[in-house]
Amino acid sequence: MKKLIALLMALCLLLSAGAALADVTYPIKTDKPVKLKVWMEMNAGASQVFTNYMENPVYQRFSEVTGIELEMMHPTYGAAGEGFGMMLAGSELPDIIVDLEKFYNGGAVAAYDDELIYDLTPYLEENAMIVEEILRQRLVGIKNESGVYVTPAFPKLVYVLDENNNLTGGRFDYLTKLAAKCSAKRMYPDYISAKKMRENYEGNVFSPMGCRSFLAPWKDENGNYKFEGRFNQGVVSINLPQIGLEVRGDIDKFWPEFDRRLDVCYEALMCRHNALKGVKSDVSPIHWQYGALARLKKDEPIDKLLYGGYSTLSLGYIGLYELTYLMTGKSHTTEEGQAFALEVMNHLNETVLRWRAETNIGFALYGTPAESLCYSFAEIDRERYGTVENVTDKGYYTNSYHVDVREDIDAFSKFQFESQFQSISKGGCISYVEVPNMSNNLTALEDVIHFIYDNIQYAEFNTKSDYCQVCGYEGEIRINDNLEWECPVCGNRDQRKMNVVRRTCGYLGENYWNVGKTKEIRSRVMHL
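Bear in mind the structure is a predicted one, so any value in this text is a computation, not a measurement.

Criteria and thresholds
Residues numbered from 1 in each chain as written. Predicted model: local features only at pLDDT ≥ 70, side-chain atom pairs only at ≥ 80, totals over all residues. Heavy atoms only, no water. Helix = DSSP H or I, 4+ residues; strand = E, 2+ residues; numbered from the N terminus. Rg over C-alpha atoms; globule rule 2.2 N^0.38 Å. Buried < 20%, exposed > 50% of the residue type's maximum accessible area, 1.4 Å probe, protein only. Contact = heavy atoms within 4.5 Å. Areas by Shrake-Rupley, 256 points an atom, 1.4 Å probe, with all protein chains shown as cover. Lys, Arg positive; Asp, Glu negative; His and termini not counted. Charge placed at Lys NZ, Arg CZ, Asp CG, Glu CD. Polar contact = N/O pair within 3.5 Å; in protein donor to acceptor, adjacent residues only side chain to side chain. Pairing = 2+ DSSP bridges. Axes fitted to C-alpha atoms, helices over the stretch in contact; angles between N-to-C directions. Expected span 1.5 Å × (residues − 1). Right-handed = clockwise from strand over helix to strand, strands pointing away. Core = buried A, V, L, I, M, F, W, Y, C linked by side-chain atoms within 4.5 Å.

Trainee: Can you break down the overall build of the protein residue by residue, with the values?
Mentor: A tally of regular secondary structure across the protein gives 18 helices and 19 strands. For 528 residues, the compact-globule estimate of 2.2 N^0.38 gives 24 Å, and the C-alpha radius of gyration of the protein, at 26 Å, lies within 12% of that figure. Counting over 528 residues, the protein shows a buried share of 51%. Pairs at least 24 residues apart make up 67% of the contacts formed inside the protein by residues separated by at least 6 positions. As displayed, the protein offers around 24700 Å² of accessible surface, 51% of which is attributable to carbon and sulfur atoms. Charge separation in the protein, taken as the distance between the mean sites of 55 positive and 72 negative side-chain charges, equals 4 Å.

Trainee: I'd like to hear about the environment of D381, residue by residue, with values.
Mentor: Residue placement: D381 occurs in helix α15 (residues 373-385). Classification of D381 as buried rests on a relative accessible area of 0%. Note: C-alpha distance between D381 and N239 (142 residues apart in sequence) is 9.6 Å. Apart from the residues lying within four places of it in its own chain, the contact partners of D381 are N239, Q242, L245, G386, T392 and Y397. At a separation of 2.7 Å, a polar atom in the side chain of D381 contacts the side chain of Y397.

Trainee: An account of the sheet that holds strand β6 (residues 158-161) is needed here, citing residue identities and associated values.
Mentor: Spatially, the 4 strands line up as an open sheet ordered β6-β7-β12-β11, and their pairing is mixed. Pairing within the sheet leaves two strands with one partner each, and these edge strands are β6 and β11 (431-434). Averaged over neighbouring strand pairs, the angle between their axes works out to 25 degrees when direction is ignored. Sheet topology note: the β11/strand β12 (residues 458-462) ladder contains 4 bridges and is parallel. Residue E434 lies in a different strand from β12, and its bridge partner there is N462. Packing against the sheet, helix α8 (residues 173-186) makes contact with β6, β7 (190-193) and β12, and its axis sits at approximately 140 degrees to β6.

Trainee: Report on helix α14 (residues 335-359), specifying residues and quantitative values.
Mentor: Taking 1.5 Å per residue, 25 residues should reach 36 Å; α14 reaches 36 Å between its end C-alpha atoms and fits that length. Considered for burial, the residues of α14 that qualify are G337, F340, A341, V344, M345, H347, L348, T351, V352, W355 and T359. Looking at the packing, one finds that the buried side of α14 touches α11 (251-276), β9 (311-318), α13 (320-328), β10 (362-367) and α16 (411-422).

Trainee: I'd like a description of the sheet that holds strand β1 (residues 34-39), backed by residues and values.
Mentor: Note: strands within a sheet are paired through backbone hydrogen bonds, in either parallel or antiparallel orientation. Strands sit in the order β2-β1-β3 across an open sheet of 3 strands; the sheet is parallel. Strands at the two margins of the open sheet, each flanked by one partner only, are β2 (68-73) and β3 (96-97). As defined by bridge partners, β1 adjoins β2 across 6 bridges and the pair is classed as parallel. When the bridges of β2 are listed, K35 appears paired with E69.

Trainee: Describe in detail the pairing of β12, supporting the description with residues and values.
Mentor: Most of β12 is tucked away, with 5 of its 5 residues classed as buried. Residue alternation in β12 divides its side chains into two sets, Y458, E460 and N462 and A459 and F461, and both sets are buried. As judged from the 2 bridges shared by β7 and β12, these two strands associate in the antiparallel manner. Bridge assignment links I192 to a residue of β12, and that residue is Y458. At this point the chain moves from β11, through helix α17 (residues 442-455), to the parallel β12, and the crossover so formed is right-handed.

Trainee: Before we move on, can you summarise the nonpolar core with the specific residues and values?
Mentor: Formed by 43 residues in total, the largest nonpolar core has its most connected members in F254, F258, L315 and L348. Counting only elements with at least two residues in this core, the list comes to β8 (231-239), α10 (240-247), α11, β9, α13, α14, β10 and α16. Per element, the largest residue contribution to this core is 7 residues, and it comes from α14. Excluding anything up to four places from it in sequence, L348 contacts F258, L262, L315, Y317 and L365. Formed by 29 residues, the second largest nonpolar core is a distinct cluster that contains L161, L178, Y453 and I456.

Here it is as structure tokens:
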């Protein structure tokens, strides 16, 4: 009977060894040598240097440190498919097959159904240990130049809520409670609801690309979904408030002007697309030849990756709140305003889908982060149209579909309201709520996290975790009337002697911000 093999078993062993096998020391010493056979295609660059990966000092060092002897099996370069078939036909299979998904007919799912690979669910406990340690490390923070632990802006952490960890008595609820404690102190992790995401992406759950970008579902030649390793061709954002300013609230003029500007956006997006056409894989072998984004041949154009939805081309948007106010005189949280806002969002989405059908390019609708665009668009419009109440007078435009940062609305209502836009803005979206220091009221924060699971795909919390290096104050360093960051205890305004972290968009920021974003941060009200 064929020996079962474990896809990515080596990675699981390496990740779990320290936590699950605390009594194991390296190198492993046993009565018999520990050997693993690994079948692995050698990439083009390595094949020019090595005849076997064990000639690579990295793999040699791995064996030396772990005491695990690796026997590398490589198919003939350029004929990996045939080599894979011959390997399967052999009497004994290797312990590890790298890129099985790529070579096995039907991918990993078929390999599992054919009893070729292990079910890795027994390693859930080991994975949970890794998640727990990551959260504990983030909760501690990172030392600043004064040796004090502060909130790091990177890397971004995203925690997925599913059936077994949504705070309803699941097996891994303890991890979610730790995540809540971490969010209360360090803002991260952010939260994805697997339940809501499956509704929006054909049953799939996957990580964002960057702070908020999501790739549309795409299947390979074997019918398997693929999300990791794909890419975006570029983004062009439409200034929604400017359309309202231009037509002066005239609804009859709005829709024709809206379409005219969408045509301009299309032309700009196609400029980005056409600039990529004809680019050869040699310009960046690690991306296009060695597997980061594709495995193309030398000197092969990347064109085929620009079509069919493998990559996306995104139409961004900003200022849905301001546009709605200009056209209806009301916030888009009102009944009349919401109806108009949804009509605008659906028109954007329908336009993107039409472009996709006409071109076979993966156009997507994307809520622009607008770290600096919120200010530059507003300034352009203030200079052109003057000071307009609730629009250009603020010094910034509201991010994507978000509720006006000044509006009085509770966390649950905000998430519930914004969720309807996330299911339209599938190329990119994120929602947040402003909360005070919740470290002493984690139960309330956990209630919101459970609400996220049932109601919104992607959400996050904004709290304050600043530090003044002059007096040692920990809490919120505030923005004064002169738009300077000022310690409320000692009055320190030297940005070089303070650590300030705020949610700029989906990412945290710690390098301070332009005038518009600073005004927007100062205007934010609490939602909890």
